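Each chain, written out:
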Amino acid sequence: MQITEEPKIRIESSRPSMNLRHVVESQQFTVPLLMELFDRTRLMERIVARGGTLDYQNRILASLFYEPSTRTRFSFEAAMHRLGGRVLSTEHARYFSSAIETEQVEDSIRIIGSYSDVIVIRHNQEGGARRAAAVSPVPVINAGDGEGGQHPTQALLDLFTIYRERPIEGLSVAFIGELDRGRTVRSLAYLLAKFDRVKIYFVSPPELQMKPDILEYLDRHEVKYEIEADINKVVGEVDVVYQTRIRPDRVSSVASQMRYAIDSSVLPKLKPNAMILHPLPRTVELDKTVDSDPRAFYFRQAANGLVVRMALLTMLLDR
Amino acid sequence: MQITEEPKIRIESSRPSMNLRHVVESQQFTVPLLMELFDRTRLMERIVARGGTLDYQNRILASLFYEPSTRTRFSFEAAMHRLGGRVLSTEHARYFSSAIETEQVEDSIRIIGSYSDVIVIRHNQEGGARRAAAVSPVPVINAGDGEGGQHPTQALLDLFTIYRERPIEGLSVAFIGELDRGRTVRSLAYLLAKFDRVKIYFVSPPELQMKPDILEYLDRHEVKYEIEADINKVVGEVDVVYQTRIRPDRVSSVASQMRYAIDSSVLPKLKPNAMILHPLPRTVELDKTVDSDPRAFYFRQAANGLVVRMALLTMLLDR
Amino acid sequence: MQITEEPKIRIESSRPSMNLRHVVESQQFTVPLLMELFDRTRLMERIVARGGTLDYQNRILASLFYEPSTRTRFSFEAAMHRLGGRVLSTEHARYFSSAIETEQVEDSIRIIGSYSDVIVIRHNQEGGARRAAAVSPVPVINAGDGEGGQHPTQALLDLFTIYRERPIEGLSVAFIGELDRGRTVRSLAYLLAKFDRVKIYFVSPPELQMKPDILEYLDRHEVKYEIEADINKVVGEVDVVYQTRIRPDRVSSVASQMRYAIDSSVLPKLKPNAMILHPLPRTVELDKTVDSDPRAFYFRQAANGLVVRMALLTMLLDR
């Protein structure tokens with residue numbers, strides 16, 4: 001039996017990431033921390049492009065998804081594999097694991113934390129990730145917790161997708177859709193608030209508008225924003241159109257749902273160098289005819305989930 | 001942080017496999033391509049027998065099963081592991097993934113294709129694999145799509161199982177069971193049609209007989225076949241008995257179901273060197289007393305799934 | 001294509017483990033075999049502490065869970081990963097796999113055994129693991145089979161947790177809870193019976209007491225035991241308090257359920273060096289206020305699942 005010993009791995013960096021223990025909400029990320037993450041992400045892009053790998057072969061990531069999300073789970077697990085690491089996975093722990101029926105998430109995390117080096121949790125209740133982080137012996141990453149909760153790594157890859165194309169300072173962004181339950185919108189709004197001269201437009205039916213907590217946060221940080229019900233008044237003004245879903249049951253009619261859709265009739269109104277983002281999956285609010293438009297960035301955005309999560313994992317595992 | 005670079009891997013072969021991009025239906029496979037596959041499969045047999053491995057350690061296979069099939073999924077995933085590769089897995093995406101509820105399979109494939117090097121898809125709808133292949137940035141393998149669809153890799157391992165024992169040219173095969181919905185039978189019939197002097201017998205209750213599309217294909221390719229309702233008229237004539245399921249709800253009575261069963265009473269009628277195949281799982285149509293008969297090849301057939309799929313993956317990943 | 005060959009791996013050991021082919025029930029383990037397992041477990045503790053790995057990189061473990069148990073599955077899979085090996089996993093085969101609907105477990109095991117090097121099975125029926133072992137071409141480990149069945153690896157990690165702290169000879173243990181369906185209690189009682197001067201107390205409501213088969217086994221092996229309904233008569237007497245669940249529907253009232261709970265009011269009655277164990281998950285029978293007590297060993301007990309299962313896997317894979 002040969003035993004290989006694994007030296008502690010560190011990526012040399014001028015910026016200390018010691019303050020990053022868990023990733024629960026996007027507010028945690030300072031601009032310097034974001035810049036470190038994005039530096040590492042660019043490095044990961046080069047490594048993946050060369051078909052290279054890293055030396056995390058003795059590290060284990062546990063995916064603990066209490067509700068399913070194949071794409072998000074795959075992007076975390078692929079990231080760990082591309083780092084050379086290993087994965088424990090649960091697709092739908094809520095119904096399948098005895099854990100959630102009879103046990104506090106705290107006990108599950110204590111135990112799973114003794115089997116793994118990092119835990120990615122998608123919890124069905126707001127605050128689930130925070131409860132997990134409070135007791136976990138290893139880093140915890142929030143992969144979405146409840147409708148009103150957050151999805152911080154989605155916001156990180158959204159921001160990186162924009163950052164790769166243009167400076168965030170002075171950016172104007174329109175968030176469109178079902179904003180009161182927009183987990184990804186909430187998380188990205190917190191991040192944008194950290195940059196200078198950002199202008200945000202919240203575009204949705206009045207009954208589905210962004211909740212006050214975010215608006216108060218933006219006020220406190222002196223971020224300019226506007227509440228708007230008419231998409232046509234906004235789409236021509238912004239650098240980034242961030243489209244999200246409107247579930248049919250949330251609006252009175254299909255007509256009012258379609259009033260917020262992006263399709264070939266909206267494209268001419270956009271700035272020539274605008275970016276169209278969408279967290280996906282999409283329904284009718286983003287027409288397939290948009291896919292071929294050079295301003296459609298949503299598939300690149302999804303692909304960026306791999307490299308951003310690789311970079312984030314190295315920051316957590318190198319501690 | 002040490003970075004290992006992965007050289008592009010190629011298996012030296014006199015036969016080019018450049019025309020194999022996706023595996024959607026068995027008709028794609030020419031006889032030369034089948035021979036290349038089987039050459040590689042024999043090599044894989046030797047590697048597995050020696051407990052060896054291959055150097056695909058930076059390649060990722062994504063199993064996207066919209067409906068469950070533990071055995072098929074495990075054989076693909078084990079094949080990728082035996083190649084030294086890595087696996088992303090979903091056991092039952094249809095109910096668990098937000099993907100299928102709200103999203104076209106096309107979007108899921110575009111995204112998952114940016115996280116992986118090859119996608120194995122079991123879709124619940126006929127044509128699902130073709131839709132996936134049409135948009136995928138990486139090779140797609142059809143692991144079964146709908147009842148009337150295909151299961152081409154099952155046909156490849158079925159054919160390899162026969163090929164290992166005898167020449168395919170001049171082979172006589174009886175397909176028995178619920179043929180109108182026989183995904184594996186359909187795929188294997190397409191493959192057999194590519195070889196000379198093959199004779200096929202389709203044996204089933206008249207109401208469950210093979211659909212015209214296959215019969216017309218065989219006519220076009222001048223393959224001899226017979227439609228038969230009485231199993232006893234056929235089993236003594238053929239080199240291969242390919243037994244499949246008859247679901248009780250598809251026939252009027254258990255008696256008419258059992259009329260097509262293979263049990264100890266049928267064995268004496270078979271040729272001494274006949275081969276009994278079955279894609280498994282089985283119910284009453286294949287009695288356990290047959291397992292000990294030297295002509296029972298169905299467990300070896302299932303085991304061959306590993307090496308055939310290893311070989312197929314190398315052909316797709318080496319492109 | 002480079003081919004690496006894998007030499008057969010053996011851990012040098014004075015004690016032969018040749019008689020360990022499958023792990024179906026705890027009675028299989030002799031004291032010498034337990035001592036070999038615990039020697040190997042201590043070695044695994046050192047390897048894991050150093051972040052080391054072992055060279056089982058070409059070996060595949062298949063997790064076949066017909067009913068879900070995220071913690072048990074993760075501990076087996078993490079153990080295989082820490083050995084450098086690979087994992088095939090199914091989270092809930094009972095409902096998802098076509099296997100269990102239409103196929104005998106025997107057929108599934110024969111097939112999966114041709115894809116993997118060891119199978120871990122959690123079956124929903126008592127005797128399921130024994131049926132699997134009877135036909136499997138590779139070692140089978142019982143990860144729990146039915147309510148009245150066994151969970152031998154849980155008993156092994158329970159015993160190791162005690163063994164690390166004190167000699168098993170002369171130990172006094174109180175099993176508390178729903179003993180008639182206590183799979184883990186049954187398995188551990190069988191193990192304890194192999195050591196000298198052990199004293200067991202079975203503490204539960206009379207209607208949920210331990211079944212006669214275990215009591216007769218203890219009689220045959222001249223193990224002292226007492227049947228007791230009052231927890232207070234016992235907790236002060238024992239070295240180990242092994243607490244288990246009482247499901248509300250099994251007792252007449254919450255009051256009678258709480259009569260068997262361990263909380264801060266019970267702690268003063270325990271010996272100063274007593275150990276509190278629980279297989280987890282817990283409900284009301286073990287209060288969180290106990291977690292901070294130095295006598296609370298249940299999280300260390302769960303963590304020990306990793307190293308004990310690593311050691312067990314090496315014994316099965318080195319054969």
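Counting restarts for each chain, with residues numbered from 1 along the sequence as it is written. Going through the entries in the order they are written, you letter the chains from A and number the ligands from 1. In keeping with the model being predicted, local features are shown solely for residues with a pLDDT of at least 70 and side-chain atom pairs are shown and tallied solely at 80 or more, while totals for entire chains, interfaces and linings include all residues. Hydrogen atoms and water are omitted, and side-chain values are computed over all heavy atoms in the structure.

This part is about the overall build of chain A. Secondary structure counts use DSSP, requiring at least four H or I residues in a row for a helix and at least two E residues in a row for a strand, with both numbered from the N terminus. Along chain A, the regular secondary structure elements total 11 helices and 9 strands. In terms of principal-axis extent, the alpha carbons of chain A reach across some 70 × 45 × 40 Å. Burial here depends on accessible area, computed with a 1.4 Å probe over protein chains only, as a share of the maximum for the residue type. Under 20% is buried, over 50% is exposed, and the range in between is partly exposed. When each of the 319 residues of chain A is scored for burial, the buried share is 66%. Should any heavy atoms of two residues lie within 4.5 Å, those residues are considered in contact. Sequence separation of at least 24 residues holds for 74% of the intrachain contacts in chain A that already meet a minimum separation of 6. For the area figures, the Shrake-Rupley method with a 1.4 Å probe applies, and any residue is considered shielded solely by the protein chains shown. As presented, chain A carries roughly 11100 Å² of accessible surface, and 49% of it is formed by carbon and sulfur atoms. In this tally, Lys and Arg are treated as positive and Asp and Glu as negative; His is ignored, and so are the chain termini. Charge positions come from single atoms, namely NZ of Lys, CZ of Arg, CG of Asp or CD of Glu. Computed over 42 positive and 42 negative side-chain charges, the inter-centroid distance for chain A is 3 Å.

Paired strands are those between which DSSP finds at least two bridges. A sheet is described by the order of its strands in space; here 4 strands give the open sequence β2-β1-β3-β4 (chain A), paired in parallel fashion. Unpaired on one side and paired on the other, β2 (86-90) and β4 (140-145) of chain A mark the two borders of the sheet. Across this sheet, the average inter-strand angle for adjacent strands is 15°, counted without regard to direction. In the sheet, strand β3 (residues 118-123) of chain A pairs with β4(A) via 4 bridges, with the strands oriented parallel. By the bridge assignment, A:Ile119 is partnered in β4(A) with A:Val140. In this description, a line fitted to the C-alpha atoms serves as the axis of each element, helices being fitted only across the stretch in contact, and the angle between N-to-C directions of two axes falls anywhere from 0 to 180 degrees. Docked against the sheet, helix α5 (residues 105-112) of chain A engages β1 (60-65) and β3 of chain A, running at close to 155° with respect to β3(A). Across the sheet, helix α2 (residues 70-82) of chain C is in contact with β1 and β2 of chain A; its angle to β2(A) comes to roughly 165°.

Another aspect to go through is the pattern of salt bridges. All names here are of chain A. Each salt bridge in this description consists of a side-chain nitrogen of Lys or Arg and a carboxyl oxygen of Asp or Glu lying within 4 Å of one another. Scanning the entire structure with this criterion turns up 68 salt bridges over all chains. For Glu-106, the salt bridge identified is with Arg-131, shortest N-O distance 3.1 Å. In this pair, Glu-106 sits in helix α5 while Arg-131 sits in helix α6 (residues 128-135), placing the two residues 25 residues apart along the sequence. Judged by relative accessible area, which is 29%, Arg-131 ranks as partly exposed.

Moving on: the UniProt feature "domain: Aspartate/ornithine carbamoyltransferase Asp/Orn-binding" (unreviewed entry) in chain A. UniProt positions are given in the numbering used here, feature names are shortened, and annotations may be inferred rather than shown by experiment. The positions that UniProt labels "domain: Aspartate/ornithine carbamoyltransferase Asp/Orn-binding" (unreviewed entry) are, in the present scheme, residues 169-315 of chain A. A helix fraction of 29% and a strand fraction of 15% characterise residues 169-315 of chain A, whose end C-alpha atoms lie 25 Å from each other.

Residue and element names in this part refer to chain A. The domain boundaries here were taken from an automatic or database domain assignment. For chain A, the assigned domains read domain 1 (26-150 + 305-317) and domain 2 (166-296). For domain 1 and domain 2, the distance between their C-alpha centres works out to 27 Å. Counting residues at the interface gives 16 residues for domain 1 and 14 residues for domain 2. Between domain 1 and domain 2 lies a buried interface of about 1300 Å² when both sides are counted; carbon and sulfur atoms form 53% of it. At the boundary of domain 1 with domain 2, the tally comes to 0 salt bridges. Identification of polar contacts relies on pairs of N or O atoms within 3.5 Å, with a donor-acceptor requirement for protein atoms, meaning one able to donate a hydrogen and the other able to accept it, and with residues adjacent in sequence counted only if both atoms are side-chain atoms. Applying the counting rule to domain 1 against domain 2 returns 5 residue pairs in polar contact (both at pLDDT 80 or more). By buried area we mean the combined loss of accessible area, with a 1.4 Å probe, across both parts when two parts are placed together.

Turning next to the sheet that holds strand β4 (residues 140-145) of chain B. Residue and element names in this part refer to chain B. Taken together, the 4 strands give an open sheet; going across it, the order is β2-β1-β3-β4, and neighbouring strands pair in parallel fashion. Only two strands of the sheet have a single neighbouring strand rather than two, namely β2 (86-90) and β4. Strand-to-strand twist across the sheet, computed as the mean angle between neighbouring axes with direction ignored, equals 15°. As paired elements, strand β1 (residues 60-65) and β2 share 5 bridges and run parallel to each other. The partner of Leu-61 across the bridge, within β2, is Val-87.

All right, on to the nonpolar core then. Among buried residues, those of type Ala, Val, Leu, Ile, Met, Phe, Trp, Tyr and Cys that are joined through side-chain atoms within 4.5 Å constitute a nonpolar core. Core analysis: the largest hydrophobic core is formed by 114 residues, its most contacted members being C:Phe175, C:Leu192 and C:Phe202. For this core, the element with the highest residue contribution is helix α11 (residues 298-317) of chain C, accounting for 13 residues.

A separate point is a nonpolar patch on the surface. All names here are of chain A. There is a patch of nonpolar side chains on the surface, built from Val-254, Met-258 and Val-284 and spanning about 250 Å² of accessible area. Turning to its location among the elements, Met-258 is positioned in helix α10 (residues 254-258). Overall, the relative accessible area of 36% leaves Met-258 in the partly exposed class. Distance thresholds for patches are 9 Å for like charges and 5 Å for nonpolar side chains (Val, Leu, Ile, Met, Phe, Trp, Tyr), applied to residues having over 30% relative accessible area and no salt bridge.

All names here are of chain A. Burial runs high along strand β5 (residues 172-176): 5 of the 5 residues are buried. Neither face of β5 is left uncovered, since the one carrying Ser-172, Ala-174 and Ile-176 and the one carrying Val-173 and Phe-175 both have all their residues buried. Bridge count between β5 and strand β6 (residues 199-203): 5 bridges; the pairing is parallel. By the bridge assignment, Val-173 is partnered in β6 with Ile-200. Place the viewer so that the strands point away; then a crossover is right-handed whenever the path from the first strand over the helix to the second strand goes clockwise. Between the parallel elements β5 and β6, the chain passes through helix α8 (residues 183-192) in a crossover that is right-handed. With 4 bridges connecting them, β5 and strand β8 (residues 240-243) associate as parallel partners. Following the sheet pairing, Phe-175 is matched in β8 by Tyr-242.

Before going further, it helps to spend a moment on the side chain of B:Arg295. All names here are of chain B. Among the secondary structure elements, Arg-295 is positioned in the loop between β9 (275-277) and α11 (298-317). For Arg-295, a relative accessible area of 12% gives the class buried. If we ignore the near neighbours within four places in the chain, the residues touching Arg-295 are Leu-267, Leu-270, Lys-271, Pro-272, Ala-274, Met-275 and Ile-276.

Another aspect to go through is the packing of aromatic side chains. Geometrically, a pair of aromatic rings is defined through the distance of the ring centres and the angle of the planes. All names here are of chain A. Geometry of aromatic contacts follows a simple scheme: Phe, Tyr and Trp rings, the Trp one being its six-membered ring, pair when their centres are within 6.5 Å, and the pair is stacked under 30 degrees between planes, edge-to-face over 60, tilted otherwise. Evaluated as defined, the whole model comprises 24 aromatic pairs over all chains. An aromatic cluster is built from Phe-175, Phe-202, Tyr-225 and Tyr-242, whose rings are joined through pairwise contacts. For a Lys NZ or an Arg CZ to count as sitting over a ring, it must be within 6 Å of the ring centre and within 35 degrees of the ring normal. Across the ring face of Phe-76, the terminal group of Arg-309 is positioned such that the distance to the ring centre comes to 4.5 Å.

Our next topic: the confidence of the model for chain A. Residues and elements named next belong to chain A. Overall, the predicted model of chain A reaches an average pLDDT of 90, with 91% of residues at or above 70. What pLDDT expresses is the predictor's confidence in each residue, scored from 0 to 100. Within the model, pLDDT remains below 50 along residues 1-17, and this stretch shows 50 contacts once partners closer than five positions in the same chain are excluded. Here residues 96-102 is a poorly scored stretch, pLDDT under 50, and it has 21 contacts once near neighbours within four places are set aside; other chains count. Scored by ipTM, the complex comes to 0.91, with pTM at 0.93.

For the rest of this paragraph, the subject is the environment of B:Tyr298. All names here are of chain B. Topologically, Tyr-298 is positioned in helix α11. The spatial distance from the C-alpha of Tyr-298 to the C-alpha of Ala-174 is 15 Å, given a sequence separation of 124 residues. Sequence-distant contacts of Tyr-298, that is, excluding residues within four places in its chain, are made with Ile-276, Leu-277, His-278, Leu-280, Arg-282, Leu-286, Asp-287, Val-290 and Asp-291. A polar atom in the side chain of Tyr-298 sits 2.6 Å from the side chain of Asp-291.

Bringing the environment of A:Ser265 into the picture now. Residues and elements named next belong to chain A. Within the secondary structure layout, Ser-265 lies in the loop between α10 and β9 (275-277). By relative accessible area, Ser-265 is classed as partly exposed at 46%. Sequence-wise, Ser-265 and Phe-74 are 191 residues apart; in three dimensions their C-alpha atoms are separated by 34 Å.

All names here are of chain A. Turning to its location among the elements, Glu-165 is positioned in the loop between α7 (152-163) and β5. Linking Glu-165 and Asn-273, residues 108 residues apart in sequence, is a C-alpha distance of 9.9 Å. Sequence-distant contacts of Glu-165, defined by excluding residues within four places in its chain, comprise Met-275, Phe-297 and Arg-300.

All names here are of chain C. At their nearest, the axes of helix α5 (residues 105-112) and helix α6 (residues 128-135) sit 9 Å apart, and the two run at 50° to each other. Taken together, the axes of α5 and α6 lie oblique to each other. For the crossing formed where α5 meets α6, the hand is right-handed. Packed against α5, whose contacting residues are Val-105, Glu-106, Ile-109 and Arg-110, the element α6 presents Arg-131, Ala-132 and Val-135 at the interface. Throughout this entry, Asp, Glu, Lys and Arg are counted as charged residues, while Ala, Val, Leu, Ile, Met, Phe, Trp, Tyr, Cys and Pro are counted as nonpolar. The remaining residues, Gly among them, count as polar. Its residues assigned to classes, the contact of α5 with α6 comprises 4 nonpolar, no polar and 3 charged. Any angle from 65 to 115 degrees is called roughly perpendicular, while one under 35 is roughly parallel, one over 145 is roughly antiparallel, and all others are oblique. Handedness of a crossing is defined here by the sense of rotation of the near helix relative to the far one, left-handed for an anticlockwise turn of less than a right angle and right-handed for a clockwise turn.

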